[in-house]
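Analysis of the macromolecular model
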Amino acid sequence: ECFGTRVSHLGGGPPGFGGGRGFHAPGQSQTVALDISLEEAYHGGNRSVQLQAPQRAGGGQEARARTLSVKIPAGVITGQKIRLAGQGGAGVGGGAGGDLYLQVTIQPPTLYRIDGRNVILEVPLSPWEAALGGKIDVPTLGGPVALRIPANAGNGQRLRLRGRGLPGSPPGDQFAVLRIVNPPADSEAARELFQRMARELPFDPRARWHP
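Residues numbered from 1 in each chain as written. Predicted model: local features only at pLDDT ≥ 70, side-chain atom pairs only at ≥ 80, totals over all residues. Heavy atoms only, no water.

Here we take up the overall build of the chain. In terms of helices and strands, the chain carries three helices and twelve strands. Looking at the chain as a whole, 34% of its 211 residues qualify as buried. A fraction of 57% describes how many contacts in the chain between residues 6 or more apart in sequence connect residues 24 or more apart. Total accessible area computed for the chain in this model is approximately 12800 Å², and 52% of it derives from carbon and sulfur atoms. (Helix = DSSP H or I, 4+ residues; strand = E, 2+ residues; numbered from the N terminus. Buried < 20%, exposed > 50% of the residue type's maximum accessible area, 1.4 Å probe, protein only. Contact = heavy atoms within 4.5 Å. Areas by Shrake-Rupley, 256 points an atom, 1.4 Å probe, with all protein chains shown as cover.)

Structure below.
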């Protein structure tokens, strides 16, 4: 999928076809990589991009630095392309410039994982939060939201926040993957509490092993 956008011509030969005699032909299309953050993919916006693009000079090609103002559409995902009309290879004999395609890669975020338009977040829970359930605030790309934890939630259980992924038609979802984190038994009081739980709670985590 390609998003088209048009920017002002910044060099590499005049656009369009000349009126003089002689051979003229449009320039070649070019593709370059564009790394963006997950936040840029979610919100979209404008960004200046510096490119080392081959341009026709004299009888050959040479690399020239150019700066383009690029509109990043909200909801773009890895593998999609942004088309900049006329910003590719220069035409010959006054021919129109080719198109430039920016192939998007979303850089790995620190907090989330990405699956298409869906985002995945690991949510740490204390044992009592998992056992008793309740509401906690979790981050999303659009800001924090309240997530209801069901009572007796299991480690690795996935809860869906519908429509909280990357924008699109339809938008992606955010999945909260529950991870139960045990507090350390690093004090006498903590060890006594764990010992009391071991005595008073009729719980065998390996019950399914027994016939």
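Moving on from the coordinates now.
Tracing the chain through its elements places S126 in the loop between β8 (118-125) and α2 (127-132). Given a relative accessible area of 13%, S126 falls into the buried group. Ignoring any residue separated from it by four or fewer positions in sequence, one finds S126 in contact with I180 and V181.

To continue, consider the pairing of strand β10 (residues 145-149). In β10, alternate side chains face the same way, and those of V145, L147 and I149 are buried while those of A146 and R148 on the opposite face are not. The pairing of strand β9 (residues 134-138) with β10 spans five bridges and is antiparallel. Across the sheet, the residue bridging to K135 is R148, located in β10. Between β9 and β10, which pair antiparallel and follow one another directly, the connecting turn spans six residues, one of which, G143, has a positive phi of 120°. (Pairing = 2+ DSSP bridges.)

Judged by nonpolar contacts, the single largest core of 35 residues is most densely connected at I36, I82, V123, V138, L147 and I149. When neighbours within four sequence positions are excluded, I149 is seen to be in contact with L125, E129, G133, G134, I136, L159 and L178. (Core = buried A, V, L, I, M, F, W, Y, C linked by side-chain atoms within 4.5 Å.)

This next bit is on the pattern of salt bridges. Counted under the stated rule, the structure contains six salt bridges. Salt-bridge contacts for R160 lead to D173; the nearest nitrogen and oxygen are separated by 3.5 Å. Of this pair, R160 sits in strand β11 (residues 158-161) while D173 is found in the loop between β11 and β12 (174-180), placing the two residues 13 residues apart along the sequence. (Salt bridge = Lys/Arg side-chain N within 4 Å of Asp/Glu carboxyl O.)

Turning our eyes to something else, we now look at the packing of aromatic side chains. For the coordinates displayed, the defined rule picks out zero aromatic pairs. Sitting above the plane of the Y101 ring, K81 keeps its charged end 5.9 Å from the centroid. The ring of F175 is capped by R158, whose NZ or CZ atom sits 4.7 Å from the centre of that ring. (Phe/Tyr/Trp six-rings, centres within 6.5 Å; stacked < 30°, edge-to-face > 60°. Lys NZ or Arg CZ within 6 Å of the ring centre and 35° of its normal.)

Below, the discussion takes up the confidence of the model for the chain. Here the chain averages 86 in pLDDT, and 84% of its residues register 70 or above. Note on residues 8-20: pLDDT under 50 across the span, and 25 contacts to partners over four residues away in sequence or across chains. (pLDDT = per-residue confidence, 0-100.)

For the rest of this paragraph, the subject is the side chain of D173. Here D173 falls in the buried class, since its relative accessible area comes to 10%. With near-sequence residues (within four places) excluded, D173 lies in contact with R117, N118, V119, R160, L161, R162, G163, R164 and G165.

Further remarks concern a nonpolar patch on the surface. Nonpolar side chains collect at one region of the surface, where L193, F194, M197, L201 and F203 lie side by side and expose about 510 Å² of accessible area between them. If you trace the backbone, F194 turns up in helix α3 (residues 188-200). Given the relative accessible area of 31%, F194 is considered partly exposed. (Patch = residues over 30% accessible without salt bridge, like charges linked within 9 Å, V, L, I, M, F, W, Y side chains within 5 Å.)

Residue placement: Q107 occurs in the loop between β6 (100-106) and β7 (113-115). The class of Q107 is partly exposed, set by a relative accessible area of 34%. In sequence terms Q107 and D35 are 72 residues apart; their C-alpha atoms lie 6.3 Å from each other. A distance of 3.3 Å separates polar atoms of two side chains, one belonging to Q107 and the other to D35. (Polar contact = N/O pair within 3.5 Å; in protein donor to acceptor, adjacent residues only side chain to side chain.)

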